[in-house]
Amino acid sequence: SVDQVGRPAISNVSAQTGIRPESYEAPAKETFEILASRANLRRCGSTKCEVTGQIDGGTYSGILLDDNGEWSLFGFEDRQGWMFNKLYRRVQ
């Protein structure tokens, strides 16, 4: 069966069911302002986690993948990682 927008119903998905990426809507990109002059992107939401990249202050288009209240997981064009929430804001 399918959901309201024609994607396979989640209840019918198993490890044996092939999932086609084109069957799912891409997450919406948003605009974010990085408030620090340079912010670290980390492997997990903690200062104890490895820095996987950095992003300079400014405005960027990206996807917010997760937010645990203190840290957010971002996907930008050329990098991804967790960033401390006080280092960015959404641009309306």
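Residues numbered from 1 in each chain as written. Predicted model: local features only at pLDDT ≥ 70, side-chain atom pairs only at ≥ 80, totals over all residues. Heavy atoms only, no water.

Undergrad: Just to check I follow, could you spell out the nonpolar core for this structure?
TA: Proteins that are soluble and globular tend to have nonpolar side chains buried together. If you look at the biggest cluster of nonpolar residues, it comprises ten residues: Phe32, Ile34, Ala39, Leu41, Ile55, Leu64, Phe74, Phe76, Met83 and Tyr88. Broken down by secondary-structure element, the contributors of at least two residues to this core are β1 (30-42), β2 (51-67) and β3 (71-76). It is β1 that contributes the most residues to this core, four residues altogether. Residues in contact with Phe32, not counting those within four places in the same chain, are Gly58, Thr59, Tyr60, Gly62, Ile63, Leu64, Phe74, Phe76, Tyr88, Arg89, Arg90 and Val91. (Core = buried A, V, L, I, M, F, W, Y, C linked by side-chain atoms within 4.5 Å. Buried < 20%, exposed > 50% of the residue type's maximum accessible area, 1.4 Å probe, protein only. Helix = DSSP H or I, 4+ residues; strand = E, 2+ residues; numbered from the N terminus. Contact = heavy atoms within 4.5 Å.)

Undergrad: Help me understand the pattern of salt bridges in this model?
TA: Proximity of charged atoms lets side chains of opposite charge pair with each other. Following the criterion strictly, the structure yields six salt bridges and no others. Between Glu77 and Lys29 there is a salt bridge, with its nearest N and O atoms 2.2 Å apart. On the criterion of sequence distance, the pair formed by Glu77 in the loop between β3 and β4 (80-84) and Lys29 in the segment before β1 is long-range, its members being 48 residues apart. For Glu77, a relative accessible area of 63% translates into the label exposed. The class of Lys29 is partly exposed, set by a relative accessible area of 48%. When the shortest N-O distance is used, the salt bridge between Glu50 and Arg43 registers 3.3 Å. (Salt bridge = Lys/Arg side-chain N within 4 Å of Asp/Glu carboxyl O.)

Undergrad: Just to check I follow, could you spell out the state of the cysteines for this structure?
TA: A covalent bond between the sulfur atoms of two cysteines is referred to as a disulfide. Summed over the entire model, instances satisfying the criterion amount to one disulfide. Each sulfur of the disulfide joining Cys44 and Cys49 lies 1.4 Å from the other. Cys44 sits in the partly exposed class, given a relative accessible area of 28%. (Disulfide = S-S within 2.5 Å.)

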